[in-house]
Amino acid sequence: MKRVLIYTIIVFAATAVSAQEIAGYWEGKIAISKKDSLTIGVQVEYRNDTLYVEMDSPDQYYVGAQASDIRFQDSTLSFRVSNIGLSFSGKYDAVTATFQGECVQHKIHLPCTLARGATRKVFRRPQTPTPPYPYHTEDITFKNRAGKYPLILGTLTLPDSTPKALVVFISGSGWQDRDESICGHKPFAVIADTLTKAGYATFRYDDLPSAVFRKSTTYDFADAVKLILDSLSLRPDLKYVKTGLLGHSEGSLVAFMVAAEDSRVQFTIHLGGVAQPFDEILLYQNIALAKASNKLTDSQIEYSTKINKDIYQIIKKSKDKNQCMAKLEQYWDKIASQLSEEEKINYNFTPEGKITLLQTFSSPWYFTLFHINPIPYLKKVKTPVLAISGEKDLQVEAISAQKNMRKYLKDKYHYHLNTFTILKGDNHLLQPCTTGSVEEYGKIETTIDPLALNEIVQWLDFWWLLNHPPGATRIGF
């Protein structure tokens, strides 16, 4: 899932008058394929001699993401969306009163004309917490182990009293910010707010810097969690506070990997959790999402599934990425030669589709994840586990994931705490939904099912009581 996630850098405008003239809301479309287009909105404001730009993606329910590297010079507006590698540059045309330009992402140039006249969209997200908060928040930066550059940027929340525990959040696949923002929702912010109000400290963080992230694998994500544990354990106010992990989707796999090897982890919480090999997850996801979209016939889904199985087997059996890319390209060309021009379009066996496939599977993260088996990690986990999945999760099959968790997780010491729940009617984000389709995420106002929030708090409180029986002495700051 792609997300518009942007940081702010303030840049002074070239001329105040020109910047004031372009203030307002602009909207346009970019053609992302021959069949599909995507609307982008640009809100331009001029405050105290400073130019601000916010970028919206209303089709994806994103509003108000602040742009960086903003320039307006010689009638040309430009800005950058760093974390998704997207930039816009357009020259103002006084005759048509539009910006004529293009968006560039991953070296692909997409023409885009921005015009006035549209109404800026507003999407309700009532669960998103807003200041002032009834607890302390602190933004923290941790450098890499060599101390050379900032690696982890996150937010620590602390209740007014001694924390019952510290919960470190781990996001799912793809670059994500500390709130795990998606379609205007901020699920990690909502969970952190709920837990801190219940007496728990939390730490949520942005994924690794984009230049580092592109070269990273799931093992690197696990190392980042260990760096966080190392760093937070040095704080006097957290010295005696027990720590647990909360992971969503792939983040739950990372939580298992860390918990299997690091004795500091006292519990793990898994939302939409992963406990199956990656190829099994993708096959389920491909079929489930295809059926939900109603865009393919049963025979087309069956044929696509066969192709995907073949591709995944090539990746799993390849010893390195070079061998993998060579075999994938050979397989692609073979299948493409068997398809009609119409079939090539239907199954995305186009030149653009081939480039996308090779770019995707050649990434260190993707290739490595195919070679990670979660079962050995599950067998080593000795700490209590809470797993909550959605019945209508179309990205990670709930029944299969929890079946593996029940089978392989040890319960010698904490059999009374291991809890596995599938919430009826919830999707991968644990939103109450209708179909579970990805297209529903932004349409739903609820960020996370209150039942899931209540279960997390109740489970943690039970865990805390078992570790702090009546009469026990708590160690303060």
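Check the entry above for the structure.
Just so you know, these numbers come straight off a predicted model, no measurement behind them.

Definitions and cut-offs
Residues numbered from 1 in each chain as written. Predicted model: local features only at pLDDT ≥ 70, side-chain atom pairs only at ≥ 80, totals over all residues. Heavy atoms only, no water. Helix = DSSP H or I, 4+ residues; strand = E, 2+ residues; numbered from the N terminus. Rg over C-alpha atoms; globule rule 2.2 N^0.38 Å. Contact = heavy atoms within 4.5 Å. Areas by Shrake-Rupley, 256 points an atom, 1.4 Å probe, with all protein chains shown as cover. Lys, Arg positive; Asp, Glu negative; His and termini not counted. Charge placed at Lys NZ, Arg CZ, Asp CG, Glu CD. Expected span 1.5 Å × (residues − 1). Buried < 20%, exposed > 50% of the residue type's maximum accessible area, 1.4 Å probe, protein only. Phe/Tyr/Trp six-rings, centres within 6.5 Å; stacked < 30°, edge-to-face > 60°. Lys NZ or Arg CZ within 6 Å of the ring centre and 35° of its normal. Pairing = 2+ DSSP bridges. Axes fitted to C-alpha atoms, helices over the stretch in contact; angles between N-to-C directions. Polar contact = N/O pair within 3.5 Å; in protein donor to acceptor, adjacent residues only side chain to side chain. Core = buried A, V, L, I, M, F, W, Y, C linked by side-chain atoms within 4.5 Å.

Student: Got a sec to walk through the overall build of the chain? Specific residues and values, please.
Tutor: Along its length, the chain carries 14 helices and 18 strands. Here the chain has a C-alpha radius of gyration of 24 Å; the compact-globule value for 477 residues is 23 Å, and the two agree. Restricting to contacts in the chain with at least 6 residues of sequence separation, those with at least 24 account for 67%. Summed over its atoms, the accessible surface of the chain is roughly 22,900 Å², and 53% of this surface lies on carbon and sulfur atoms. Here the chain holds 54 positive side-chain charges and 51 negative ones, and the gap between their average locations is 6 Å.

Student: Explain helix H6 (residues 278-293) to me, and be specific about the residues and the numbers.
Tutor: In this model, H6 (16 residues) spans 22 Å end to end at C-alpha, consistent with the 22 Å of a helix rising 1.5 Å per residue. What H6 keeps buried is the set Phe278, Asp279, Ile281, Leu282, Leu283, Gln285, Ala288 and Ala290. The inward-facing, buried residues of H6 abut helix H7 (298-317) and helix H11 (364-369). Directly after H6, the chain includes asparagine 294, whose backbone phi takes a positive value near 60°.

Student: So what's going on with unusual backbone geometry? Which residues, and what values?
Tutor: Omega for the bond connecting proline 131 with proline 132 falls within 30 degrees of zero, at 5°, which places this linkage in the cis form. Here aspartate 69, not a glycine, exhibits a phi torsion of approximately 50°, which is positive. Examined against the element boundaries, aspartate 69 turns out to sit in strand S6 (residues 68-73). A residue is classified by how much of its surface remains accessible, and aspartate 69, at 33% relative accessible area, is partly exposed.

Student: How would you explain the packing of aromatic side chains if you had to name every residue and give the values?
Tutor: With the rule as written, the count across this model stands at 23 aromatic pairs. Consider the rings of phenylalanine 361 and tyrosine 366, whose centres lie 4.7 Å apart with planes at 80°: the pair is edge-to-face. As far as burial versus exposure is concerned, phenylalanine 361 and tyrosine 366 are alike and both buried. Three or more aromatic residues joined by ring pairs form one cluster here, namely Phe278, Tyr312, Phe361, Trp365, Tyr366 and Phe370. When the ring centre of tyrosine 52 is taken as origin, the NZ or CZ atom of arginine 47, which lies over that ring, is 4.4 Å away. Taking the ring centre of tryptophan 464 as reference, the NZ or CZ of lysine 164 above it sits at 5.9 Å.

Student: I'd like a description of the sheet that holds strand S15 (residues 243-248), backed by residues and values.
Tutor: The sheet built from eight strands is open, its strands ordered S11-S12-S14-S13-S15-S16-S17-S18 with mixed pairing. Every interior strand has two partners, whereas the edge strands, strand S11 (136-143) and strand S18 (419-423), have only one. Across the sheet, the axes of successive neighbouring strands diverge by a mean angle of 20°, strand direction being ignored. Relative to strand S14 (residues 201-205), strand S13 (residues 166-170) is paired through three bridges, and the arrangement is parallel. Bridge pairing in S14 places leucine 166 opposite alanine 201. Of the strands in this sheet, S13, strand S16 (265-271), strand S17 (385-390) and S18 are in contact with helix H14 (residues 450-467), which crosses S16 at around 165°.

Student: Before we move on, can you summarise the environment of glutamine 176 with the specific residues and values?
Tutor: Inspection of the secondary structure assignment puts glutamine 176 in the loop between S13 and helix H2 (187-197). Glutamine 176 sits in the buried class, given a relative accessible area of 2%. Residues glutamine 176 and glycine 273 lie 97 residues apart in sequence; the distance between their C-alpha atoms is 17 Å. A distance of 3.1 Å separates a polar atom in the side chain of glutamine 176 from the backbone oxygen of glycine 172. A distance of 2.7 Å separates a polar atom in the side chain of glutamine 176 from the backbone oxygen of serine 173.

Student: Describe in detail the nonpolar core, supporting the description with residues and values.
Tutor: Residues Ile152, Leu166, Phe203, Leu232, Ile311, Leu328 and Phe361 are the most contacted members of the largest nonpolar core, which totals 75 residues. Not counting residues up to four positions away in its chain, the partners in contact with isoleucine 311 are Leu328, Tyr331, Leu357 and Phe361. Among the nonpolar cores identified, the runner-up in size contains 27 residues, and Ile191, Leu271, Leu430 and Ala452 belong to it.

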